[in-house]
Amino acid sequence: ARMAFVARALARGASRRLASSSTSTTAPTPSSSRRASSVTEAATYATRGPAHEVLEMTTVPLPPMGPGDVRVRMLAAPVNPSDVNIIEGKYPLPRAVPGVGGNEGVGEVVAAGAACVGARVGDRVVPNRSYVDGTWRRDIVSACENFDVIDRDVPVHAAATLTVNPCTALRLLEDYDAREGETVVINAATSGVGRALLQIARTRGIRTIAMCRPREDARETEEVFESLRADGADVVLPDVEGKILRLDARTRELASRARVAYNAVGGYSAQTMLRLLQPNAGSRMVTYGGMSKQPLLVPTGAFIFKDITLSGFWLTRWLEHDATHNSSRGRRAMLDEICALIRSGALVVDAARFRDVPLARLQSTLALDAAAPDRPGLHKILLRL
């Protein structure tokens, strides 16, 4: 019964979107007509709650192709923390219920309406901020303007994760005055943003102090730290609550040029970052995540004696501003730059750090992860569609 409710509700939504967007009478191209199909498989939810409890694999309707629409066959889509938070109702980005999960991914255009501009059959595309109907699905029919064309030679796993983590890393470096020869500090360094930031910073001559939680096994810890050094970290510091931070001469020298810190953890980790920033140098800590789920506790001295500024970054807000004031030209340039970095080998997205999961096994995989969140090998889920 719940699956039927989801299908009916999604059908109503698809009909409303079609009615609001189909202002042209131009017919779809013959290629789109040959591929016309009215349904697709998707991971849907009919109510808010833990993703592993509320997600179901269902068949959902697709709207008929409009003249300005494309049909996209999805290739892969990641499961990001924000995707799970949206399903739980804990993320400040509203999505309709019922709905299809996921916001990021990559697909291939298999049909294009006659009035579609910018995308052709065979193009590799990623959804942009205008697309709100979920990516954990095999097929999408939506307005052409809801997708950006990217290079086909970007590997699928890198293309599927192109629009969130690398874009955030690039914006953090670009928008907060990280300069060649200076040092930036970053925690959660093994995250997607962290590894991308380390690699992009290296291309710009920016030095990096990376903070990372040690693993239970000393050998595994050293392997992780070495992987961060390979990604460009000049120094890797263990991020351990309650441990007195003792800096060697190399770290002190790098910290003497540190004006910007990028915080994705909060709590004790953020306090450590503040200690590394230089006083009275226009230093700033930018918070873009809160993985510890602990509040920022900032010593008064960081404001009075070090004159440190605290600010926040949210990529969604940047994209909204770019769309309003720059007609989304900044988004397009950002994607082009990241694709160029990937093509050149300056930015490597390691396929070994993903778990390929078929759509049919998403709910059961999430349930296993929820039951044992600390078990080894829990790399990011990448749905192969």
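Structure first, text after, so check above.
Every value quoted in this text rests on a predicted model; they were computed, and no experiment measured them.

(A) Spatial organisation of the sheet that holds strand S14 (residues 309-312). On the basis of which strands lie adjacent, the open sheet formed by 6 strands has the order S11-S10-S9-S12-S13-S14 and parallel pairing. With one partner strand each, in any of the chains shown, strand S11 (235-238) and S14 form the two edges of the open sheet. Strand-to-strand twist across the sheet, computed as the mean angle between neighbouring axes with direction ignored, equals 20 degrees. Relative to strand S12 (residues 258-263), strand S9 (residues 183-186) runs parallel, the two being bridged by 4 bridges. Paired with Thr183 across the two strands is Ala258, which belongs to S12. Where helix H7 (residues 192-203) meets the sheet, it contacts S9, strand S10 (207-212) and S12, and its direction lies at approximately 170 degrees from that of S9.

(B) Highlighting the state of the cysteines. A full pass over the atoms with the stated rule returns 1 disulfide. A sulfur-sulfur separation of 2.4 Å characterises the disulfide bridge that pairs Cys116 with Cys144. Between Cys116 and Cys144, the S-S dihedral sits near 60 degrees, and the bridge is therefore right-handed. Residue Cys116 is found in the loop between strand S5 (106-112) and strand S6 (124-127), and its partner Cys144 is found in the loop between strand S7 (139-143) and strand S8 (147-150); the two are separated by 28 residues along the sequence. Neither Cys116 nor Cys144 differs from the other in exposure class; each is buried.

(C) Region of the structure containing the nonpolar core. The biggest cluster of nonpolar side chains holds 53 residues, and the ones touching the most others in it are Leu172, Leu173, Leu197, Tyr262, Tyr288, Phe313 and Ile338. Beyond its immediate chain neighbours, meaning those up to four positions away, Leu172 contacts Val193, Leu197, Tyr262, Val286, Tyr288 and Phe313. The next biggest cluster of nonpolar side chains, apart from the first, holds 31 residues, and it includes Leu55, Ala77, Ile86 and Leu385.

(D) Structural context of a nonpolar patch on the surface. Taken together, the side chains of Leu296, Phe303, Ile304, Phe305 and Leu310 define a hydrophobic patch exposed on the protein surface, amounting to about 490 Å² of accessible area. Locating Leu296 in the fold gives a position in the loop between strand S13 (284-287) and helix H11 (300-304).

(E) Up close: the environment of Asp175. By secondary structure assignment, the location of Asp175 is in helix H6 (residues 165-175). For the pair Asp175 and Phe313, spaced 138 residues apart in sequence, the C-alpha separation works out to 9.6 Å. A polar contact of 3.3 Å, which involves the side chain of Asp175, links it to the side chain of Trp318.

Reading guide: rules and limits
- Residues numbered from 1 in each chain as written.
- Predicted model: local features only at pLDDT ≥ 70, side-chain atom pairs only at ≥ 80, totals over all residues.
- Heavy atoms only, no water.
- Pairing = 2+ DSSP bridges.
- Helix = DSSP H or I, 4+ residues; strand = E, 2+ residues; numbered from the N terminus.
- Axes fitted to C-alpha atoms, helices over the stretch in contact; angles between N-to-C directions.
- Contact = heavy atoms within 4.5 Å.
- Disulfide = S-S within 2.5 Å.
- Buried < 20%, exposed > 50% of the residue type's maximum accessible area, 1.4 Å probe, protein only.
- Core = buried A, V, L, I, M, F, W, Y, C linked by side-chain atoms within 4.5 Å.
- Patch = residues over 30% accessible without salt bridge, like charges linked within 9 Å, V, L, I, M, F, W, Y side chains within 5 Å.
- Areas by Shrake-Rupley, 256 points an atom, 1.4 Å probe, with all protein chains shown as cover.
- Salt bridge = Lys/Arg side-chain N within 4 Å of Asp/Glu carboxyl O.
- Polar contact = N/O pair within 3.5 Å; in protein donor to acceptor, adjacent residues only side chain to side chain.

Keep in mind that these numbers describe shape and distance, not what the molecule does.
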